[in-house]
Protein chains: 2
Amino acid sequence: MIELRHMQALRLWHDVSLSLVHDKSHDLTVRQITILLSIYLDPPPHTVRGLAAKLEVTKPVITRALDSMGIKGLVSRRRDERDRRNVIIQKTLEGSLYLERVGDIIIEKARGLPR
Amino acid sequence: MIELRHMQALRLWHDVSLSLVHDKSHDLTVRQITILLSIYLDPPPHTVRGLAAKLEVTKPVITRALDSMGIKGLVSRRRDERDRRNVIIQKTLEGSLYLERVGDIIIEKARGLPR
DNA sequence: TTAATTAGAAACGGTTCCGAAACTAAAACT
DNA sequence: AGTTTTAGTTTCGGAACCGTTTCTAATTAA
């Protein structure tokens, strides 16, 4: 039998996920949102290889996720001038606004939970 | 500027999502996990049309998600004998165990947050 | 300066998902 | 009984994603 606090945790996950599904604007995969959150929450600089190691996926997975999210304006890329093999992944205004909305949703849904 | 409680909400979402990405066992999409959680948290009976309406997606999306999760043993389907047009979607032991683990992860990551 | 390493992207083939439309079967209506 | 409606699935063409492998460019090592 699942306990009450388990149910509340899962209810939160459900409610926020449902809001993300309803929000047709971006439709990110779990990997993509994890990458996006890493870029916005972890200390920079962010590189393809660093994200690949963190998520335990191959580099092409990161490259393609950045392609997709770049098209949507959620992240941008810039060559590292100190070592031009590197690509520095950067935040965008659009990405910040999107995550701010996601944060609002999480807080709102958490507030609605029984305590 | 993102506030502290925003950051904590997003950090929780990040940490749990990262755990889900690391967990190679099931690899569900956001839609799939939303459907799975609906089945386990909302009062039955669960039907294709009901889930489609709730998620605001077409019925084939639900059918296919149930196909995928059925193969993984996370849900099962049964004809409604009272109205044989309906399909009743049911929980499984495997699905319960999986969501119990997800609940554990959420609670664990929430505990690790600064307060 | 040439060879080896490193970072990231591109190419390849396969899988999965999508929405729209067509289809099957069961129930309800007339 | 025959038509219409309802529930769910299947099919279709297209898009996105996956892992592996290959490629390009930049840096480091010999």
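Residues numbered from 1 in each chain as written. Chains lettered and ligands numbered in written order. Predicted model: local features only at pLDDT ≥ 70, side-chain atom pairs only at ≥ 80, totals over all residues. Heavy atoms only, no water.

As a further point, take the side chain of D15 of chain B. Residue and element names in this part refer to chain B. Within the element layout of this structure, D15 appears in helix 1 (residues 4-22). Side chain to side chain, D15 and H14 meet in a polar contact 2.9 Å long. Discounting residues that sit within four places of it in the chain, D15 has contacts with K109 and L113. (Helix = DSSP H or I, 4+ residues; strand = E, 2+ residues; numbered from the N terminus. Polar contact = N/O pair within 3.5 Å; in protein donor to acceptor, adjacent residues only side chain to side chain. Contact = heavy atoms within 4.5 Å.)

Our focus in this paragraph is the layout of surface pockets. One number sums up the size of the largest pocket: a volume of about 660 Å³. Secondary-structure elements contributing two or more residues to the lining of the largest pocket are helix 1 (4-22) and helix 5 (93-111) of chain A together with helix 1 and helix 5 (93-111) of chain B. Forming the walls of the second largest pocket are 23 residues, and the residues nearest its centre are L28, T29 and V30 of chain A together with T29 and V30 of chain B. Elements supplying a minimum of two residues to the lining of the second largest pocket: helix 1 and helix 2 (30-41) of chain A together with helix 1 and helix 2 (30-41) of chain B. Its residues assigned to classes, the lining of the second largest pocket comprises 14 nonpolar, four polar and five charged. (1 Å grid on protein atoms, 1.4 Å probe; cavity = no way out; pocket = protein on both sides within 12 Å on 5 of 7 lines; lining within 4 Å. Points joined across faces, edges and corners; volume = space filled by probe spheres on them. Nonpolar A, V, L, I, M, F, W, Y, C, P; charged D, E, K, R; others polar.)

Let us look at the relation of the copies chain A and chain B. Each of the two copies of the chain can be brought onto the other by a rotation about an axis and a shift along it. Between the two copies, chain A and chain B, the superposition gives an RMSD of 0.0 Å; the rotation angle is 180 degrees and the shift along the axis is 0.0 Å. Both copies are brought into coincidence by an operation consistent with a two-fold rotation axis. Most of the interface of chain A is mirrored in chain B, where 100% of its interface residues again form contacts. (Least-squares fit on C-alpha atoms with pLDDT ≥ 70 in both.)

What follows concerns the interface of chain A and chain B. If you look at the interface, chain A gives 36 residues, while chain B gives 36 residues. Here chain A meets chain B over a buried area of about 3,700 Å², counting both sides, of which 72% is carbon and sulfur. On the chain A side of the interface with chain B, the three residues burying the most area are L10, W13 and L41 of chain A, jointly 20% of the side's total. On inspection of chain A and its partner chain B, the count reaches four salt bridges. Between E56 of chain B and K24 of chain A there is a salt bridge, with its nearest N and O atoms 3.7 Å apart. At the junction of chain A with chain B, the criterion picks out 15 residue pairs in polar contact (both at pLDDT 80 or more). Counting residues per element, the ones that place at least two in the side of chain A that touches chain B are helix 1, helix 2, helix 3 (48-55) and helix 5 of chain A. Among the residues forming the side of chain A that touches chain B, the class breakdown is 20 nonpolar, seven polar and nine charged. (Buried area = accessible area lost by both parts, 1.4 Å probe. Salt bridge = Lys/Arg side-chain N within 4 Å of Asp/Glu carboxyl O.)

Here the focus is the packing of helix 3 (residues 48-55) of chain B against helix 4 (residues 59-71) of chain B. Residues and elements named next belong to chain B. At a minimum axis separation of 8 Å, helix 3 and helix 4 run at an interaxial angle of 115 degrees. With respect to their mutual orientation, helix 3 and helix 4 come out roughly perpendicular. Of the two possible hands of crossing, helix 3 and helix 4 adopt the one that is right-handed. Here helix 3 contributes V48, R49, L51 and A52 to the contact with helix 4, which in turn contributes K59, I62, T63 and L66. A breakdown of the residues in the contact of helix 3 with helix 4 according to their chemical character gives five nonpolar, one polar and two charged. (Axes fitted to C-alpha atoms, helices over the stretch in contact; angles between N-to-C directions. Parallel < 35°, antiparallel > 145°, perpendicular 65-115°, else oblique. Left-handed = near helix turned anticlockwise from the far one by under 90°.)

As a matter of local geometry, DNA strand D sits amid 21 residues, with Q32, V61 and R64 of chain A together with K59 and T63 of chain B nearest to it. The sugar-phosphate backbone supplies 68% of the atoms of DNA strand D found within 4 Å of the protein. Between DNA strand D and S68 of chain A there is a distance of 3.0 Å, counted from a phosphate oxygen to a side-chain nitrogen or oxygen. One of the side-chain N or O atoms of K59 of chain B is found 2.3 Å from a base nitrogen in DNA strand D. Counting only elements with at least two residues in the surface near DNA strand D, the list comes to helix 2 and helix 4 (59-71) of chain A together with helix 3 and helix 4 of chain B. Tallied by class, the residues present in the surface near DNA strand D amount to five nonpolar, six polar and ten charged. (Near = heavy atom within 4 Å.)

All names here are of chain B. In contact at an axis separation of 10 Å, helix 2 and helix 4 are set at 85 degrees when each is read in the N-to-C sense. Relative to helix 4, the element helix 2 is oriented roughly perpendicular. Touching R31, Q32, I35, L36 and I39 of helix 2 are V61, I62, A65, L66, S68 and M69, all from helix 4. A breakdown of the residues in the contact of helix 2 with helix 4 according to their chemical character gives eight nonpolar, two polar and one charged.

By themselves, these figures tell us nothing about what the structure is for.
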